Amino acid sequence: MLRGQFITFEGGEGAGKSTQIARLAEYLRSCGVDVVTTREPGGSPGAEAVRHVLLSGAAEALGPEAEAILFSAARADHVAETIEPALAAGKWVLCDRFIDSTRVYQGESGVEPALLEKLEDVAVGRLSPDLTVIVDIPPRLGLKRIAGRDSASGGAEKDRFERENLDVHANRRARFLEIARSEPERCVVVDGSRKPEQVAAAIIEIVEGRLGPIADSVVRTDGRAGK
Ligand code: TMP
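The written sequence of each chain sets the order in which its residues are numbered from 1. Residue-level local features of this predicted model are given only where pLDDT is at least 70; pairs of side-chain atoms are given and counted only at 80 or more, and the full residue set underlies all totals for whole chains, interfaces and linings. Note that water and hydrogens are dropped before the side-chain values are worked out from all heavy atoms of the structure.

Student: Got a minute to help me understand helix H5 (residues 113–124) in this structure?
Tutor: Every α-helical turn comprises 3.6 residues, leaving residues that sit three or four positions apart pointing alike. Segments assigned H or I by DSSP are reported as helices when at least four residues long, segments assigned E as strands when at least two residues long, and all are numbered from the N terminus. An expected span of 1.5 Å times one less than the residue number is assigned to each helix. Spanning 12 residues, H5 covers 16 Å between terminal C-alpha atoms, matching the ideal 16 Å at 1.5 Å per step. For every residue, the accessible area (1.4 Å probe, protein chains only) is compared with the maximum for its type, and the residue is labelled buried under 20%, exposed over 50%, or partly exposed between those bounds. Taken as a whole, H5 has its buried residues at Leu116, Leu119, Glu120, Ala123 and Val124. Considered in projection along H5, the buried side chains sweep an arc of 105 degrees and stay on one side of the axis. When the buried face of H5 is taken as reference, the exposed residues oriented beyond 90 degrees from it are Ala114, Glu117, Lys118, Asp121 and Val122. Should any heavy atoms of two residues lie within 4.5 Å, those residues are counted as being in contact. Contact partners of the buried residues in H5: helix H3 (64–88) and helix H4 (99–108). Looking at the residues trailing H5, positive phi occurs at Gly125, about 55 degrees. What the arc covers is the set of directions going from the helix axis to the C-beta atoms.

Put into structure tokens, the structure is as follows:
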């Protein structure tokens with residue numbers, strides 16, 4: 001059985017990752033690919049329980065190191081329970097945030113790179129995304145989009161990480177772009193400030209270009225290879 005492809009989506013707040021994951025999943029399914037969409041923190045029952053602790057801000061008082069440990073514990077469960085079994089079954093996994101979010105957010109909170117590396121090693125072992133799409137957006141625009149989303153949903157509360165100031169968001173953006181520069185074989189940056197359909201078309205082109213024609217690498221649900 002052909003192992004599935006693992007694609008992660010990264011970027012700042014309001015970049016439109018969830019919309020783009022849904023669009024790519026729809027496209028891949030139309031090509032006959034068996035797709036699993038998932039997210040971090042979360043994506044397995046154990047990790048979803050930890051998600052609430054992290055995003056409510058309940059863990060903030062424990063300090064950035066403890067938060068990094070919790071993100072990594074959630075990731076270890078997510079990898080073991082959801083991601084690895086899906087890839088082994090030939091499914092493609094599209095994941096909203098993964099290791100780069102910890103490198104960027106917890107790195108920006110002051111956690112030492114050596115600890116982050118160790119935690120990454122424990123949580124994911126040798127698993128590495130086949131492709132990481134960094135949806136890049138100026139922080140001011142991302143925060144404006146979040147403000148629009150919140151007022152449309154009756155003023156939903158921002159999460160612990162969305163509440164931070166513009167400088168913090170700008171530093172995170174710079175860190176994501178730095179990762180993209182240092183790992184060009186894995187990462188690609190997409191301009192997320194365009195219309196969603198334009199961003200989606202760019203992502204499909206990248207996926208086709210990087211991972212080869214979709215039809216050749218498809219494990220169909222009926223068990224036949226290719227289209
Ligand atoms: P999201 O569902 O809006 O992406 O929210 C997840 C938040 O958690 C987001 O603000 C980024 C933050 N986060 C980290 O700080 N470290 C991590 O490792 C992950 C996965 C997310």
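Having seen it, we continue.
Student: Where do I start with the site of the ligand in this structure?
Tutor: Close to the ligand lie 15 residues, the nearest being Glu13, Arg97, Thr102, Gln106 and Phe161. Any N or O atom pair separated by 3.5 Å or less is treated as a polar contact, with the protein-specific requirement of one donor-capable and one acceptor-capable atom, and with residues adjacent in sequence counted only for side-chain atom pairs. Between the ligand and the protein, one listed contact pairs an oxygen atom with a side-chain N or O atom of Glu13 at 2.8 Å. For accessible areas, the Shrake-Rupley method is used with a probe of radius 1.4 Å. Any residue's cover is judged against the shown protein chains and nothing else. Burial of the ligand by the protein amounts to 91% of the accessible area it has alone, namely 480 Å². When contributions to the shell around the ligand are tallied by element, the ones reaching two or more residues are helix H2 (45–55), H3 and H4. Examining the composition of the shell around the ligand, we find that 4 residues originate from one element, H4, more than from any other. By convention in these notes, a residue is near a molecule or strand provided one of its non-hydrogen atoms lies within 4 Å of it.

Student: Sorry, what's going on with the sheet that holds strand S3 (residues 92–96) here?
Tutor: Hydrogen bonds along the backbone pair up the strands of a sheet, which may run parallel or antiparallel. Criterion used throughout: strands pair if DSSP finds at least two bridges between them. An order of S2-S3-S1-S4-S5 is seen for the 5 strands of this open sheet, with the pairing classed as parallel. The open sheet terminates on both sides in strands that have one partner only, identified here as strand S2 (35–39) and strand S5 (187–191). In this sheet, adjacent strand axes meet at a mean angle of 20 degrees when their direction is disregarded. With 5 bridges connecting them, strand S4 (residues 131–136) and S5 associate as parallel partners. By the bridge assignment, Thr132 is partnered in S5 with Cys187. Every axis in this analysis is a line fitted to C-alpha atoms, fitted for helices over the stretch in contact. Angles between the N-to-C directions lie between 0 and 180 degrees.

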